[in-house]
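Observations on chain architecture
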Amino acid sequence: MPLSALSLSSLPSNVKVPSYDRTAHAPGVVHLGLGAFHRAHQAMVFDQLLTGGDTRWGIHGVGMTRPDLVNQLRAQDGLYAVRVAYGMGVKWQVPGALWRTSVATTERDDVVQAIAAHSTRWVTLTLTEKGYTPALGQLLLEGLRLRQQSGLTGITVASCDNLQGNGHKLQALVKANATAQDGELLRWLDTQCAFPCSMVDRIVPAATPEVMAAAQEALGVQDPCALSTEGFWEWVIEDHFADPQDAALLQSAGVRVTGDVHSYEEAKLRMLNGSHSAMALMGAITGRPFIASCISEAHIRTFVHQLMSQEVAPHLSRSDWAEYRDALIARFGNPYLKHSVHQIATDSSQKIPQRWPPSVLGQIAQDASFEHHALAAAVFVRYSLGVDEQGQAYTLNDPQAGSLMALGAAQRTEPAACVRALLAREDLWGSVLSQHPAWIARVTHWHQQVLQHGVDAAVQQLLST
Ligand code: CS2
């Protein structure tokens, strides 16, 4: 039997299912980007608010690129199972906050209308780094313009992507599309809408057949959209909302509302995501399929521990970084999360700029060592070869795949020139690092070691110095 509104009553009694009416109200949230992360993060926070009786948090979910996923979710009445792995075991839950769905490419007008709907109070976004394009700004501006022209109140537009100052970036993107005739709209945007910055965190691997089989076993229903996640979740959001009363509501659901998102955001991007990218690229080359299989190797665990303690932490404003680091290492090892290294290595060209260079620049400013990041960068160069150390080919899923592979192709014959060419990319490393002789020299050194002796030996060598 497939999972749907009809089959909810047949689920085992220990599975938490929506206790509220999912059809009586119009959604209050339009969410762009229906990937695994949103469905196991904000959608579960909104599910909690709905469970508490506040009917304004139903979601109109918009799939940006995957009509197949939207169609599947539609067939399941927006329901899907989530396996949450706590310390000693797992619990299954079916969150019910997803009430409506659209596909941005084929149902664009529905999305514009949804943003302009009377019931809409929030727009949230999880589009990944590469989703922040002028076309996105245009889509949002159209919806907001329609709203303003209909005389409706402003709304909160919350980016929940791993970008520095995500709210500011989004606001700038939306405003960049305004024309000379939009003076009134711009004033309305500034005074009535809010674009809070936020830091979101929960490890949510993409759906896999393994989790689908586990859902079938535990729930007795078929659910190709079933997800697996960890017990931990965090959502830190700037205290800046179109409706100021939302602050207390979100807090009641466990969200941290603060004036200081920045310190959480920088720690998360550089510690969690920075380590993730380093491990993912190492795993892709050494043939270790999951983050848990990387962190269970003592040398990789020590490398990540040192990277965070020695090169990231000195530049963070969060003082509890040691506890944060230890908690991260424990989370990386969660055996239930089969978090694919190739999934995390996807779009590395878009991820690296916020994850590594800020720490390297901090170390340079203090005349301190950046060897761990240099090795990670060397591993990224090696990754662009598209074949692992066992000779197994893999695909580079990256908007820059073509140019990265073209630049990386020469690394076996002209390794130093190849490193120079890839490090000269300002879009990845920024204007200072892309011309920094000592940085380029150390990445070149580690790249030679990686090519000659392999990733593991290079890591061991770094640890022994
Ligand atoms: C990961 C993130 O895929 C990636 O790049 O680093 O999705 C990570 O799992 C989340 O940011 C955790 O909150």
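Because the structure is predicted, anything quoted here is derived from the model rather than measured.

Helix and strand counts for the protein stand at 22 helices and eleven strands. Rg of the C-alpha trace for the protein: 23 Å, near the compact-globule value of 23 Å for 465 residues, within the 12% margin. Summarising its shape, the C-alpha atoms of the protein cover approximately 65 × 60 × 40 Å along the three principal directions. Counting every position in the protein, which comprises 465 residues, the buried fraction comes to 47%. Residue pairs at least 24 apart in sequence account for 79% of intrachain contacts in the protein once pairs closer than 6 positions are excluded.

Take Ala 248: it is sitting in helix H9 (residues 246–252). On a C-alpha basis, the gap between Ala 248 and Ser 263 in space is 21 Å, while along the polypeptide they are 15 residues apart.

It is worth spelling out the nonpolar core at this point. In terms of nonpolar packing, the biggest core is built from 140 residues, with Met 279, Leu 281 and Val 379 touching the most fellow members. For this core, the element with the highest residue contribution is helix H10 (residues 261–286), accounting for twelve residues. Among residues more than four places away in sequence, those in contact with Met 279 are Ile 291, Cys 294, Ile 295, Ile 300, Val 304 and Val 341.

It is worth spelling out the sheet that holds strand E10 (residues 234–238) at this point. Taken in spatial order, the three strands make up an open sheet running E8-E10-E11, and their pairing is mixed. Because the sheet does not close on itself, it has two edges, and the strands there are strand E8 (198–201) and strand E11 (256–258). Taking the axes of each pair of neighbouring strands and ignoring which way they run, one obtains an average angle of 15° across the sheet. One ladder, built from four bridges, connects E8 with E10; its direction is antiparallel. What sits directly across from Asp 201, in E10, is Glu 234.

The local shell around the ligand consists of Asn 162, Asp 201, Arg 202, Ile 203, Leu 272, Asn 273, His 276, Gln 343, Ile 344 and Lys 351. Going through the elements one at a time, H10 and helix H14 (341–345) are the ones with two or more residues in the shell around the ligand. Per-class residue counts for the shell around the ligand are three nonpolar, four polar and three charged.

With that settled, consider helix H16 (residues 357–365). Taken residue by residue, H16 has Pro 357, Ser 359, Val 360 and Gln 363 as its buried positions. Viewed end-on, H16 has its buried residues packed into an arc of 160°, placing them on one side of the element. Turning to H16, the residues buried within the fold contact H10, helix H12 (298–312), helix H15 (348–355), helix H17 (371–383), helix H20 (426–433) and helix H21 (437–453). Just past H16, the residue Asp 367 takes up positive phi, approximately 55°.

Non-glycine residue Thr 128 carries a positive phi angle of around 70°. If you trace the backbone, Thr 128 turns up in the loop between strand E6 (122–125) and helix H5 (134–149). Its 19 C-beta neighbours within 10 Å are what place Thr 128 among the partly exposed residues. In this structure, Asp 367 is a non-glycine residue whose phi angle is positive, near 55°. In this fold, Asp 367 is placed in the loop between H16 and H17. C-beta crowding within 10 Å serves as the criterion here: with 6 such atoms nearby, Asp 367 is assigned to the exposed category.

Here we come to the UniProt feature "domain: Mannitol dehydrogenase N-terminal" (unreviewed entry) in the protein. Mapped onto this numbering, the UniProt entry annotates "domain: Mannitol dehydrogenase N-terminal" (unreviewed entry) at residues 28–242. Helix makes up 37% of residues 28–242 and strand 21%, with an end-to-end C-alpha separation of 13 Å.

Thresholds, definitions, all that
Residues numbered from 1 in each chain as written. Predicted model: local features only at pLDDT ≥ 70, side-chain atom pairs only at ≥ 80, totals over all residues. Helix = DSSP H or I, 4+ residues; strand = E, 2+ residues; numbered from the N terminus. Rg over C-alpha atoms; globule rule 2.2 N^0.38 Å. Buried ≥ 20, exposed ≤ 12 C-beta atoms within 10 Å, placed from the backbone. Contact = placed C-beta atoms within 7 Å. Core = buried A, V, L, I, M, F, W, Y, C linked by C-beta atoms within 7 Å. Pairing = 2+ DSSP bridges. Axes fitted to C-alpha atoms, helices over the stretch in contact; angles between N-to-C directions. Near = placed C-beta within 6 Å. Nonpolar A, V, L, I, M, F, W, Y, C, P; charged D, E, K, R; others polar. Arc of directions from axis to C-beta. UniProt positions renumbered as here; feature names shortened; annotations may be inferred.

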